[in-house]
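Per-entry structural report
What follows is the residue order along each chain.
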Amino acid sequence: MENPASNKNTRQVQNRAPLKTMCSRTTILLSSFLTMLLAALAGKSSINPLLQGLDAMWNGAAQTSITQVLDCTHTYSIEIMSVDPLVLYINDFLKMSEIDYLVEKYYRSSQSAHVPPSDPVSKCLHDRMKSLLGNIQHIDVESLQLVSYSADEQFRYHFDWFHMMANETGLPHNPHRQYNRLGSIFAYLGDDCTGGETYFPDVMGVSLIADEGKFSRTDDPSGKGLLVKPKKGNALFWNNMQSNGTGDRRLLHAGLPVHSGVKIGLNMFSFYYPDTPIIGGDIAAMEKTSDESH
């Protein structure tokens, strides 16, 4: 993993310019708004175009601002929760700036929202997941999905992989290609809640000395049952597919009911194409083919 710690001082100096640009852009926005407001009050234009124009300018400024200050480097750390099946706990997978941006721009209470692949933060997170997958097939990643759960809401037991291959990817460069879901990441964007653990009943649970801020233990005498608490910025990764391309039934999981507050999460899924090796193979050639088809 790339560690930008040695460039800390450089990044602090470089970040001053985007801040100045953002302030200048805000001044321009206010000036333009006042000009249109005066025109509307003078009866030279209606208020609706004024509001529409302001909305368009603000959204454009927000997109430009996040692009200017975006730093796609990653400094997360990993804890191996299970080797077979593979389950990883990722500390600091998301940066606070990325969380703030996604929640402000896409979060809708008690609903789910998809983040378009063209979004700058989405691009960063797609690349971050592909980097994590390493020698595992990582040609494409589904569009990100924000989800939220309020008190008494839950996501019942399910698999992320499909029992039958899907045929429509929804990708413009690869629309009609059979696929399944290989890797899953569930990241926590908000943890102002009680309950809401992510639960794998068939995966061995944590030990008595595990961090109670991140994990819970079940009452099962065998020790089975991995319980992961919502922790803002952190994430879980698991590999849905076995090496022969079939789904791993041990990865049945659920989002347990939220007792109070709101849990906000982010779903990420990488594609598995059965016409390409799941492990190894010419990863560079695969990525080149995908890039050229964009």
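Residues numbered from 1 in each chain as written. Predicted model: local features only at pLDDT ≥ 70, side-chain atom pairs only at ≥ 80, totals over all residues. Heavy atoms only, no water.

The chain carries the name Fe2OG dioxygenase domain-containing protein in an unreviewed UniProt entry, which gives Metarhizium humberi as its organism.

What follows deals with the overall build of the chain. Broken down by element type, the chain carries 6 helices and 14 strands. Taken across its 294 residues, the chain has 43% of its residues classed as buried. Pairs at least 24 residues apart make up 74% of the contacts formed inside the chain by residues separated by at least 6 positions. When the accessible surface of the chain is totalled, it reaches about 15,700 Å², and 54% of it is carbon and sulfur. (Helix = DSSP H or I, 4+ residues; strand = E, 2+ residues; numbered from the N terminus. Buried < 20%, exposed > 50% of the residue type's maximum accessible area, 1.4 Å probe, protein only. Contact = heavy atoms within 4.5 Å. Areas by Shrake-Rupley, 256 points an atom, 1.4 Å probe, with all protein chains shown as cover.)

Next up on the list: the environment of Gly170. Its place among the elements puts Gly170 in the loop between β5 (155–158) and β6 (180–190). Counting along the chain gives 28 residues from Gly170 to Glu142, while the straight-line C-alpha distance between them is 8.6 Å.

Quick look at the sheet that holds strand β8 (residues 198–204) now. The strand order across the open sheet built from 5 strands is β5-β12-β8-β10-β9, with neighbouring strands paired in antiparallel fashion. Both edges of this open sheet fall to β5 and β9 (215–216), since each of them pairs with a single strand only. Across 2 bridges, the pairing between β9 and strand β10 (residues 224–228) is antiparallel. Across the sheet, residue Phe215 finds its bridge partner in β10, namely Val228. (Pairing = 2+ DSSP bridges.)

Within helix α4 (residues 96–106), the full set of buried residues consists of Glu98, Ile99, Tyr101, Leu102 and Tyr106. Across the axial projection of α4, the buried residues extend over an arc of 165°, all falling on one side. (Arc of directions from axis to C-beta.)

Let us now look at a nonpolar patch on the surface. A surface patch of nonpolar side chains, amounting to about 370 Å² of accessible area, comprises Ile78, Ile80, Val83 and Leu86. Here Ile80 is to be found in strand β1 (residues 77–82). (Patch = residues over 30% accessible without salt bridge, like charges linked within 9 Å, V, L, I, M, F, W, Y side chains within 5 Å. Salt bridge = Lys/Arg side-chain N within 4 Å of Asp/Glu carboxyl O.)

Centre-to-centre distance and the angle between the planes together describe a pair of aromatic rings. By the definition in use, this model includes 9 aromatic pairs. Between Phe200 and Trp238, the ring centres sit 5.0 Å apart and the planes meet at 75°, which makes this aromatic pair edge-to-face. Taken together, the residues span a long stretch of sequence, with Phe200 in strand β8 and Trp238 in strand β11 (residues 235–239) at a distance of 38 residues. The same class applies to Phe200 and to Trp238, which are both buried. Among the aromatic residues, ring-to-ring pairing joins Phe162, Tyr179, Phe271 and Tyr273 into one connected group. Over the ring of Tyr273 we find Arg177; its NZ or CZ atom is 3.8 Å from the centre of that ring. The lysine or arginine in question, Lys263, covers the ring of Tyr149, its NZ or CZ lying 4.8 Å from the ring centre. (Phe/Tyr/Trp six-rings, centres within 6.5 Å; stacked < 30°, edge-to-face > 60°. Lys NZ or Arg CZ within 6 Å of the ring centre and 35° of its normal.)

Moving on to the packing of α4 against helix α5 (residues 120–133). The contact between α4 and α5 brings their axes to 10 Å, and the two run at 130°. Classed by the angle they form, the pair α4 and α5 counts as oblique. Crossing angle aside, the handedness with which α4 passes α5 is left-handed. Contact residues: Glu98, Tyr101 and Leu102 in α4; Pro120, Val121, Leu125 and Arg128 in α5. When grouped by side-chain class, the residues that make up the contact of α4 with α5 number 5 nonpolar, no polar and 2 charged. (Axes fitted to C-alpha atoms, helices over the stretch in contact; angles between N-to-C directions. Parallel < 35°, antiparallel > 145°, perpendicular 65-115°, else oblique. Left-handed = near helix turned anticlockwise from the far one by under 90°. Nonpolar A, V, L, I, M, F, W, Y, C, P; charged D, E, K, R; others polar.)

The first and last C-alpha atoms of α5 sit 20 Å apart over 14 residues, in line with the 20 Å expected at 1.5 Å per residue. When you tally the buried positions in α5, you get 10 out of 14 residues, the bulk of the element. Along α5, the positions that sit buried rather than exposed are Pro120, Val121, Ser122, Cys124, Leu125, His126, Arg128, Met129, Leu132 and Leu133. Capping the start of α5 is the job of one residue whose side-chain oxygen sits 2.9 Å from the backbone nitrogen of Val121: Asp119. Where α5 terminates, the next one or two residues include Gly134, which has phi positive at roughly 55°. (Expected span 1.5 Å × (residues − 1). Polar contact = N/O pair within 3.5 Å; in protein donor to acceptor, adjacent residues only side chain to side chain.)

By size, the foremost hydrophobic cluster in this structure holds 26 residues, and its most contacted members are Phe93, Leu102 and Leu266. Looking at this core, the elements with two or more residues in it are β2 (87–91), α4, α5, β4 (144–149), β6, β11 and β14 (263–272). With residues near it in sequence (within four places) discarded, Leu266 still touches Leu94, Leu102, Leu125, Leu144, Gln145, Leu146, Ile185, Phe186, Ala187 and Leu189. Core analysis: the second largest hydrophobic core is formed by 19 residues, Tyr89, Phe186, Phe200 and Val228 among them. (Core = buried A, V, L, I, M, F, W, Y, C linked by side-chain atoms within 4.5 Å.)

Next up on the list: the pairing of β6. Among the 11 residues of β6, 11 are classified as buried, and the element is accordingly described as predominantly covered. Taken together, the 8 bridges between β6 and β14 define a ladder with antiparallel strand orientation. Within β14, the residue paired with Tyr188 across the bridge is Gly265.

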